[in-house]
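This is what each chain is made of:
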Number of protein chains: 2
Amino acid sequence: MVLPRAAKTQRRTRIQEEKEERILEAALEVFSANGFRGATVDQIAEVAGMSKPNLLYYFRTKEAMHRALIDRVLDTWLDPLREFNAEGNPVAEIRSYIRRKLEMARDYPRESRLFANEVLQGAPHIEDELKGPLKALVDEKAEVIRAWAKAGKIAKCDPYHLIFAIWSTTQHYADFDVQVRAVLGQGNAGEGRFEDAARFLERLFVDGLQVSEQPAA
Amino acid sequence: MVLPRAAKTQRRTRIQEEKEERILEAALEVFSANGFRGATVDQIAEVAGMSKPNLLYYFRTKEAMHRALIDRVLDTWLDPLREFNAEGNPVAEIRSYIRRKLEMARDYPRESRLFANEVLQGAPHIEDELKGPLKALVDEKAEVIRAWAKAGKIAKCDPYHLIFAIWSTTQHYADFDVQVRAVLGQGNAGEGRFEDAARFLERLFVDGLQVSEQPAA
DNA sequence: TGTAATGTTTACCAACCGGTCAAATTATCA
DNA sequence: TGATAATTTGACCGGTTGGTAAACATTACA
């Protein structure tokens with residue numbers, strides 16, 4: 001028999017789970033660094049430490065691998081936004097959302113680049129996810145923010161563009177990492193860049209650049 | 001004779017100028033949409049309306065085309081930052097820098113995506129430009145911002161991360177356009193998105209989200 | 001243990017890709 | 001006008017790419 005996935009037994013083998021895991025890990029590495037078209041199956045196979053036909057036994061096509069990867073990663077990628085809590089203190093919620101997103105950019109840059117590559121090139125493989133689950137989630141949270149503004153808890157502002165601004169500023173440190181490093185240089189506190197970014201962004205979103213009362217001195 | 005570019009005459013033919021122009025326009029279209037590796041010479045030739053060998057008569061390799069394109073575009077892309085003026089009013093300067101960058105994202109999204117693709121995939125072709133001219137320019141302007149902060153004209157903040165924040169928030173509307181459209185939907189004021197973004201960002205950077213005195217009501 | 005299902009490999013293919021070549025065509029200008 | 005240089009094209013090439021076929025190896029389990 002030559003049925004690859006979803007064989008007769010329905011239940012996935014231990015080997016299947018292990019190999020699919022290794023493949024998706026390798027696929028993340030390669031897709032995130034090169035985009036869909038720039039990635040090659042041979043490359044992924046090499047990173048996964050197996051032969052190309054072996055890899056294609058588990059995922060019949062390059063597209064199937066990419067789709068499986070997207071499905072697997074998208075959920076966790078949106079977790080921080082899901083945790084955005086309507087009941088909490090608005091400023092604290094926004095602050096913690098920024099912090100969480102920045103931690104994701106630091107700890108999961110490949111996931112960030114995976115989506116960035118995809119969206120940048122017109123999102124040919126994830127259009128449905130953007131217009132469906134993503135839009136729905138953003139709509140929901142935008143409503144929360146709008147309510148906060150209406151209640152006078154934060155300044156009146158367009159909630160969608162606020163979310164875009166948080167996304168872009170935080171993911172910048174993953175997606176444009178080489179540029180950030182190049183500009184900061186190694187002498188220029190390049191290594192503390194995530195802490196510096198956190199300080200800067202929390203302050204930016206809360207206070208803006210207006211001169212504030214100096215607490216002391 | 002088969003000398004392609006820089007022929008005996010030294011002076012470029014009218015035909016040369018026209019064709020190179022058409023090629024670079026097509027190259028911008030294709031490279032920005034697909035990245036370097038994702039773009040094919042055939043594709044560029046088709047968009048430019050000429051045969052592949054003909055195209056390769058003007059640019060010997062795909063790399064040469066890409067390099068010529070980068071050289072041509074990088075300068076104008078950095079213009080807004082160059083115009084950043086140390087003598088001006090700080091808040092006004094920042095506001096106008098944001099506005100200009102947002103206009104660039106609206107009017108020249110392909111240029112933005114060209115660099116985004118490149119940087120996202122590790123900047124293999126523009127590393128020198130990042131570490132050289134770009135870093136130098138940012139260093140210079142960062143010093144201006146630092147001086148403003150020291151003089152108490154704006155809040156103390158990390159000037160590098162301020163620049164990163166302006167870059168990321170504005171370019172987001174070019175680089176992640178499909179995502180922005182998907183989330184906003186067509187009903188949701190999708191068409192006025194650049195005006196909305198301008199209003200939001202100018203306010204964000206100047207005031208932050210803190211509750212401000214309501215002018216009336 | 002035997003056997004059927006699952007997993008792996010070697011060899012291969014057709015399409016695509018960047019690039020070349022030589023011949024044919026067109027522009028330039030003495 | 002004629003000859004020389006510039007431009008354009010179709011045919012082609014070697015390497016890469018996504019994917020297949022079939023033989024071989026291993027595992028699970030009655």
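Residues numbered from 1 in each chain as written. Chains lettered and ligands numbered in written order. Predicted model: local features only at pLDDT ≥ 70, side-chain atom pairs only at ≥ 80, totals over all residues. Heavy atoms only, no water.

Please provide a residue-by-residue account of empty space enclosed by the protein, values included.
Within the structure shown, the criterion is met by 4 cavities of 30 Å³ or more. Taken together, 19 residues make up the lining of the largest cavity; nearest its centre are Gln179(A), Trp77(B), Leu78(B), Leu134(B) and Gln171(B). For the lining of the largest cavity, the secondary structure elements donating two or more residues are helix H4 (62-83), helix H5 (90-107), helix H6 (109-120), helix H7 (127-150) and helix H8 (159-175) of chain B. When residues of the lining of the largest cavity are assigned to their parent elements, the largest contribution, 5 residues, is made by H4(B). Among the residues making up the lining of the largest cavity, the classes are represented as 14 nonpolar, 3 polar and 2 charged. In this structure, the second largest cavity occupies an estimated 180 Å³ of space. For the second largest cavity, the lining is made up of 18 residues, of which Trp77(A), Leu78(A), Leu134(A), Gln171(A) and Gln179(B) are closest to its centre. Counting only elements with at least two residues in the lining of the second largest cavity, the list comes to helix H4 (62-83), helix H5 (90-107), helix H6 (109-120), helix H7 (127-150) and helix H8 (159-175) of chain A. (1 Å grid on protein atoms, 1.4 Å probe; cavity = no way out; pocket = protein on both sides within 12 Å on 5 of 7 lines; lining within 4 Å. Points joined across faces, edges and corners; volume = space filled by probe spheres on them. Helix = DSSP H or I, 4+ residues; strand = E, 2+ residues; numbered from the N terminus. Nonpolar A, V, L, I, M, F, W, Y, C, P; charged D, E, K, R; others polar.)

Lay out the relation of the copies chain B and chain A with the relevant residues and their values.
Screw-axis analysis of chain B against chain A gives a translation of 0.0 Å along the axis, an RMSD of 0.1 Å, and a rotation angle of 180 degrees. Taken together, the rotation angle and the small translation identify this as a two-fold axis. Take the interface residues of chain B: 100% of them recur as interface residues in chain A, which is what a same-surface contact looks like. (Least-squares fit on C-alpha atoms with pLDDT ≥ 70 in both. Contact = heavy atoms within 4.5 Å.)

Explain the protein's contact with DNA strand D to me, using residue names and the numbers behind them.
As a matter of local geometry, DNA strand D sits amid 23 residues, with Val41(A), Lys62(A), Lys19(B), Arg37(B) and Tyr58(B) nearest to it. The protein-proximal atoms of DNA strand D, defined as those within 4 Å of the protein, are 57% sugar or phosphate. One of the side-chain nitrogen or oxygen atoms of Asn54(B) is found 3.1 Å away from a phosphate oxygen of DNA strand D. Considered class by class, the residues forming the surface near DNA strand D number 10 nonpolar, 6 polar and 7 charged. (Near = heavy atom within 4 Å. Polar contact = N/O pair within 3.5 Å; in protein donor to acceptor, adjacent residues only side chain to side chain.)

An account of the packing of H5(A) against H8(A) is needed here, citing residue identities and associated values.
Residues and elements named next belong to chain A. The contact between H5 and H8 brings their axes to 8 Å, and the two run at 30 degrees. Between H5 and H8, the interaxial angle falls into the category roughly parallel. The chirality of how H5 crosses H8 is right-handed. Counting all contacts with H5, which are made through Ile94, Tyr97, Ile98, Lys101, Leu102 and Ala105, the residues of H8 involved are Leu162, Ile166, Trp167, Thr170, Gln171, Tyr173 and Ala174. (Axes fitted to C-alpha atoms, helices over the stretch in contact; angles between N-to-C directions. Parallel < 35°, antiparallel > 145°, perpendicular 65-115°, else oblique. Left-handed = near helix turned anticlockwise from the far one by under 90°.)

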